[in-house]
Every structure is written in C-alpha cells, then in structure tokens.
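Each chain, written out:
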Amino acid sequence: MEGLIKKALGKGQADYLEIRLEEKTITGVTYAGKELDSVGANAVKGGNVRALYKGGWGFVSFNSLDELDAKVAQACRAARLVGKGKSKLAKVPKVTAVIKVNLKDDPRKIPLDQKVKLAKKYNGIITDSKGIISSSVRYEDVFKKQTFANTEGTFITEERMYCGAAFAAVAKDGANVQRAHDTVGGTGGYHTVLKLESKAEATVKDARDLLKAEKVSSGKYTVVMDPKMCGVFAHEAFGHLSEADFISENSKLKKMMTLGIKFGVGALSILDDATIRGQRGHYCYDEEGVAAQKNYLIKNGILVGRLHSRQTAGRMNEKASGSARAISYQFKPIVRMGCTYIEPRDCSFQKMIGEIKNGLYVVSALGGMTELEMFTFSAMKAYLIKNGKLGPMVRDVILTGNVFETLKNIDAIGDDLELHGGLGGCGKDGQMPLPVSDGGPHIRVKDVVVGGK
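Conventions adopted
- Residues numbered from 1 in each chain as written.
- Predicted model: local features only at pLDDT ≥ 70, side-chain atom pairs only at ≥ 80, totals over all residues.
- Heavy atoms only, no water.
- Core = buried A, V, L, I, M, F, W, Y, C linked by side-chain atoms within 4.5 Å.
- Buried < 20%, exposed > 50% of the residue type's maximum accessible area, 1.4 Å probe, protein only.
- Helix = DSSP H or I, 4+ residues; strand = E, 2+ residues; numbered from the N terminus.
- Contact = heavy atoms within 4.5 Å.
- Pairing = 2+ DSSP bridges.
- Axes fitted to C-alpha atoms, helices over the stretch in contact; angles between N-to-C directions.
- UniProt positions renumbered as here; feature names shortened; annotations may be inferred.
- 1 Å grid on protein atoms, 1.4 Å probe; cavity = no way out; pocket = protein on both sides within 12 Å on 5 of 7 lines; lining within 4 Å.
- Points joined across faces, edges and corners; volume = space filled by probe spheres on them.
- Nonpolar A, V, L, I, M, F, W, Y, C, P; charged D, E, K, R; others polar.

An unreviewed UniProt entry lists the protein under the name TldD/PmbA family protein, with candidate division TA06 bacterium given as the organism.

> Explanation requested: the nonpolar core in the structure shown.
Nonpolar side chains tend to gather and get buried jointly when the protein is soluble and globular. With 47 residues, the main nonpolar core has F238, M257, L360, V362, V397 and L407 as its most contacted residues. Looking at this core element by element, the count peaks at seven residues for helix α5 (residues 227-239). Here V397 is in contact with V216, L360, V362, F377, S378, A379, A382, V450 and G451, once residues within four sequence places are set aside. By size, the runner-up hydrophobic cluster in this structure holds 27 residues, among which are L118, Y122, V137 and V184.

> Even after reading the chapter, I still don't get the sheet that holds strand β15 (residues 339-342), so can you show me in this structure?
Picture the strands of a sheet paired through backbone hydrogen bonds; they go either parallel or antiparallel. The mixed open sheet is built from six strands, whose spatial order is β12-β11-β10-β15-β24-β21. For this open sheet the edge positions go to β12 (302-303) and β21 (418-420), each flanked by a neighbour on one side alone. The pairing of strand β10 (residues 270-273) with β15 spans three bridges and is classified as antiparallel. Of the residues in β15, the one forming a bridge with L271 is Y341. Contacting β10, β11 (294-299), β12, β15, β21 and β24 (437-440), α5 runs over the sheet at an angle of about 120° to β24.

> Would you take a moment to explain the UniProt feature "domain: Metalloprotease TldD/E N-terminal" (unreviewed entry) in the protein for this structure?
In this structure's numbering, the residues bearing the UniProt feature "domain: Metalloprotease TldD/E N-terminal" (unreviewed entry) are residues 18-79. Secondary structure over residues 18-79 splits into 19% helix and 66% strand, and the C-alpha atoms at its two ends are 13 Å apart.

> I'm lost on the layout of surface pockets in this one. Help?
Its boundaries defined by the atoms lining it, the largest pocket holds a volume of some 670 Å³. Lining the largest pocket are 26 residues, with V232, A365, G421, L423 and D438 sitting closest to its centre. Sorting the residues of the lining of the largest pocket by element identifies β7 (176-186), α5, β16 (358-371) and β24 as the ones contributing at least two each. For the lining of the largest pocket, the class distribution of residues is eight nonpolar, 12 polar and six charged. Approximately 360 Å³ is the volume found for the second largest pocket. Lining the second largest pocket are 16 residues, and of these D245, Q311, K332, P333 and I334 sit closest to its centre. Looking at the lining of the second largest pocket, the elements with two or more residues in it are α6 (244-249), α8 (310-315) and β14 (334-335).

Spelled out as structure tokens, the structure:
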C-alpha cells in the first residue's frame, strides 16, 4: 500500500500533491416510538487525490485503488486548468506516524445484539413514562481508518473511533406538545453509552415539565448560560468567525477580526483544542497531515489567533493550526473546529445566581443560527431568577444579539468546565455532520435580548 501511494505521488505533475485513503464502518441502532426502526452496519471505502498547481486546486475522489494513477493524473489536469497564480502553503514539518485505536472497551468488540438491547432499555424508559406520546433513541459507533500522504514526504495512518447515544421524548397535554432531548458521545470507548438511565429519565422529566412551563416574557435579561449553551455560543457565535477561510475572503470580517483587538473582560479566554483525548472533536492529525493543536482564539480578553488550513495560513502569513478537516474522502478539507470552549475561572454557580435580582438561567440548546456577528439561539429550557434564587421553568426562550457586544457583557465565568460531544456535529459548505465538541463553564452575561411572549 505505502509503495503504491508513493509511486503514484511521484507521477504527479503539480506543485503539491496529496492522497487520502479512508475505510469506515458505521454501526447504528435506532428506535422510533416503540418500534426498532433500523439496525445494521455500513462499510465505506474510498480515497481522493488533491493537487495544487500555480494556486489552483484539482480534487477527485475514487472507490478503487486500481484507479489511483489515473486519478492522480486527473487531479493534476484539473489543477492546471484553474491555476493562474502562485501556490503558497504554510510550511509544516514532515511527519511519519501510525496511530491506532487502543480502547479496553472498543465498541467493535461488543456484539450488535448487545447494542440493540441497550438502546431498547433506554427507549423503554421513555415510552413507558406517563404523558409521553413519542420517543427516539439512537446508538451509533463509527470506526475510521485514514491514510494520508503528500509529496513533501508526510505519511500518516490514523484510526479514530466515535461512540454515542441520543434520546428524545415528546410529551402532550391537549394541544400543548413539548419535546426534550439529550445526547452523549466521544472517542473514549463503549462505556460512554453505559449507565445513561438517569439521562433518559431526565429527558422525560424535561418534556413533561415543559408542558407546565409558561412562555418567557420578552425583554432584556441578565442571563446565566449552562455549559451546553456556553459551548454553543463559543462554537456557533465565535468559533465560526475565527475560521480563516471566511476571514481571508471577507474584508469586513477581516477588519473586525484584527489580531490584538480587545474582545472582552480580562478573564475571558476562548480556545479550540483538538488534542483532548476522549472528546468527540479529538484527532491527532488533520486532513492535511498537520498535528492537532491547542489554539487560543481569545486569551485574557484579547484576540490572539484563528483557525487555519495550510492555504489560509500561507495566504495570511500565519502558522497552520491543524484545523483542515473533511467529513469523508468525498470532500476536500476546509477550515473547521475540533473542541471549542471558554476556559473556566473562579466564580461559583451559587455566587453567579445569587447576585441577580431579575434574570434567566438557560439550559441546553435546541439550535440556532448566525449571520456574521449576529446570532440567534433557542434554549431547550430556562428558569427565572428572582432575588438571587432560581424560580419556575419557562419555555420558548430565544437569545439574540451581537457576538462582540455579548463578549464584552460577560461579567462572570464559572469554575465548572464541562465539554460535550454527542451524536450529530457541525455543518459547513455541505459537509455535515463533522464530529466536534464544545463547552465551557457557567457564564453570566448582562443585557441579553430574549424573545418570548
């Protein structure tokens, strides 16, 4: 295999050439309501060639190594058709590495019927609960083996294993229908999905409690975000703004994201770190063969970094950050996050809540959208805060605002860091879902605009 790849690389007529091969097995179990909706394992195998000539890229994918030489020639021809300028990639070290999955409880060793039994147990907790009209429970593990080689001498084989589960419960009372969900997942092994009965029970309780919750009144609030909402804010509102492919092509964003600008209080640090083992966003090398790194984006309130591929780093005369990722061999790598979070500080949750006269405690997220520096996020649930104490649950809470103003309005950062992965992932440019993690501690933000009744 190695000889075949190196021989093919030697035949390319381009400034730079890389070959990426992939073998992937996806095992999944899904319950919808009381029925086992799907179960099985799906194997996928393929590869791609990416060529760079005078600044233009050629990219082709394939499913048989027998086509490798022809695909190298095809990618080089495509690059020569579009290349009209100068090729410029950030310099990175040559790497030779083999990374294997080494887990005591590797999900591949667990029989499929045991995975079905586990999903059935969690689903039964939900469907057997009073007031629940529908459920969804999903188990999934993904094993991926990727081989990367380029004309600079790098040759890497890396194995990755993801495993996770997701729950959803729908409760109904007359015309009032409410949904709650939760998900866990990572690269730590099969134990990630064991002993989750309490999460299934909590999902049921949330759905039923939401039936009784009043709609929140719209207005400006002091908001405490839980670690999940904090992570969504870090990833969606700020992480995507830090992706250099957006920055390098948008003059307005480039000015907004000038390194050295003050973005928040001195205690605020936001980073992307794909080196954290066990997290869903963990990997050793990105899809350009660059080592994963701990990348500070904001450090002590100052913008200090961004996420790069080799191309964007070369274009902006900065260092590659190990952030070029692709969801499969069918896609070229683009700038993506790994594990994005806000660093913890020293404020306790009790102190954070205790100092608020009138506010909201928002918990988890249903989803959201961003438009440059503007964001809108929906919380799964929230609680009123009155005179320093948590009050009743409220629903239909939508947070909206400008990310830069919101960063400046963070006035307390907690001491209770939590990181989350789960099933699903990040979407960008048609590549979805990319395995990522996000999180943070509890944070308190002043003057957040909340939509409601």
